[in-house]
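Structural description and commentary
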Amino acid sequence: VLSMSRALVLATCLTVARALHAPTPPCRHALRVTSPRLATKKKVSKKGGARGFGGGAAKQAVKELTPEQLQWRDLKEWVASSGGAADAVRLTDCGGGLRGLKAARDLAKGDEILRIPRSIILDVERAEASPVSGVWRSSGGALPGYLKLGLALLYEVRRGAASDLLPYLAMLPTQDEFAAGGGPAAMWSDDELALTECAHLIDFAKRRRGQSRGEGVPALQPDALAASWAECGLPGEPPGRDELSWAVGAVTSRAYGVGSGSGLVPVVDMANHDGRTPQHTAKGLEEDGRSFVVLATEPIRKGTQVCLSYGELPNCVLLPQFGFVLASLDAPPDLPLVDFTPCLREAEGAAGGAALLLSLAEDGLLVREGDGSISCWQ
């Protein structure tokens, strides 16, 4: 049985796909983790308001904070104590039960909205310096950045109160919340994917699912991971494939470009996607690399949702990676695709065919996958 959230996403996706004449388009850089954060967020409890009267003067009743509001308060205090700032925004329900960030005050063009110190960002550099790096170092093989971050995230979760990222970890969606809220389509079942009626999206989502579970990576096979986890003296039980899939899903749906790699940037990754051009914010590391900042590129009124751009990505990528689609087909457009496998095989078998295909791809005339290989979808 589909959850209501997934049913709504599927209905929108089907409407979008049928407005076209063919399946939705490819991700030219689909496997880059430099695209951002989570589109499926925990629901926010509605605040209740009441006023009481006493001693002849009106007094506002004291409101108890919900567990999530307490977590948000702790998160902001943690950011501030680390040398950052997040007081220009507030976490709130942005419609449909999904949380996001809204301006806590009027912001002028050029105002700093968020400042997150590099010291509390979980990036590839931090993962490489973490004890969990022994998992991939012991195998002698390199792992993609998103898998390193996924393992580093699981390591921090297992550290519990000993982790200096605890206030951030408390705000992440759980596996159950991913399932209840829909989550990235790469985590959907085959039956749910089939309802999209889009061959390319289904293929793309299934490949991402396999990648998130470490399929085909020797160091992440259950026995090998259990052995290296114990050998490195890491806390808790070694993660299973479902938990690894959750961690990688959290990473690939939340991470932003940080330095030469990518990373999980607290608070920043709670902002929703802005599909407008131009966006009303700009983001990135400062020149000295010490902080990740978000600036207003135009005036933003108090109470307005503060959004960031995840990149110019079509719905075919947004759904598997982030778990949502844009109802508008304005930008970027979804394109009709054809499975070109037979033609590509024939060309590769011809004299000089492989070199010709590579040349066409380098000229941008053939679509590539995120790993640089020529896509079968053209």
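Right above here is the structure, for reference.
In what follows, the accompanying structure is described. Please read all numbers here as calculations on a predicted model, not as lab measurements. (Residues numbered from 1 in each chain as written. Predicted model: local features only at pLDDT ≥ 70, side-chain atom pairs only at ≥ 80, totals over all residues. Heavy atoms only, no water.)

1. As for the packing of aromatic side chains
Just so we agree on the cut-off: Stacked, edge-to-face and tilted are the three classes for Phe, Tyr and Trp ring pairs, Trp counted by its six-membered ring, which pair at centre distances within 6.5 Å; planes under 30 degrees apart are stacked, over 60 edge-to-face, the rest tilted. The helix count covers DSSP runs of H or I at least four residues long, the strand count covers runs of E at least two residues long, and both are numbered beginning at the N terminus. Residue exposure (1.4 Å probe, protein chains only): buried if accessible area is under 20% of the type maximum, exposed if over 50%, otherwise partly exposed.
A complete count under the given rule lists four aromatic pairs for this structure. For the ring pair Tyr310 and Phe322, a centre distance of 4.9 Å and an interplane angle of 45° mean the geometry is tilted. Of this pair, Tyr310 sits in the loop between β10 (291-296) and α12 (315-322) while Phe322 sits in helix α12, and the two are 12 residues apart along the sequence. A centroid spacing of 6.3 Å and a plane angle of 40° characterise the contact between Phe322 and Phe324, whose relative ring orientation is tilted. Look at Phe322 and you get buried, because its relative accessible area is 0%. Taken together, the ring pairs in this structure connect Tyr310, Phe322 and Phe324 into an aromatic cluster.

2. Some details on the packing of helix α9 (residues 199-212) against α12
Defined as follows: Between N-to-C directions, angles cover 0 to 180 degrees, with each direction set by a line fitted to C-alpha atoms, over the stretch in contact for helices. Left-handed describes a crossing whose near helix is turned anticlockwise from the far helix by less than a right angle; the clockwise case is right-handed. In what follows, residue pairs with any heavy atoms lying within 4.5 Å of each other are defined as contacts. Each residue receives one of three labels: charged for Asp, Glu, Lys and Arg, nonpolar for Ala, Val, Leu, Ile, Met, Phe, Trp, Tyr, Cys and Pro, and polar for the others, Gly being one of them.
At a closest axis distance of 10 Å, the pairing of α9 and α12 adopts a crossing angle of 35°. Note on packing geometry: the crossing formed by α9 with α12 is right-handed. Here α9 contributes His200, Leu201, Phe204, Ala205 and Arg208 to the contact with α12, which in turn contributes Cys316, Val317, Leu319, Pro320 and Gln321. Looking at side-chain class alone, the contact of α9 with α12 contains seven nonpolar, two polar and one charged residues.

3. Section: the pairing of strand β9 (residues 281-285)
Spelled out, the test is: Two strands are counted as paired when DSSP detects at least two bridges linking them.
Both β9 and β10 contribute to a ladder of five bridges, which runs antiparallel. Looking at β10, one finds that Gly284 is bridged to Val293. In this structure, the hairpin formed by β9 and β10 is closed by a connection of five residues, where Gly289 is found at a positive phi of approximately 75°.

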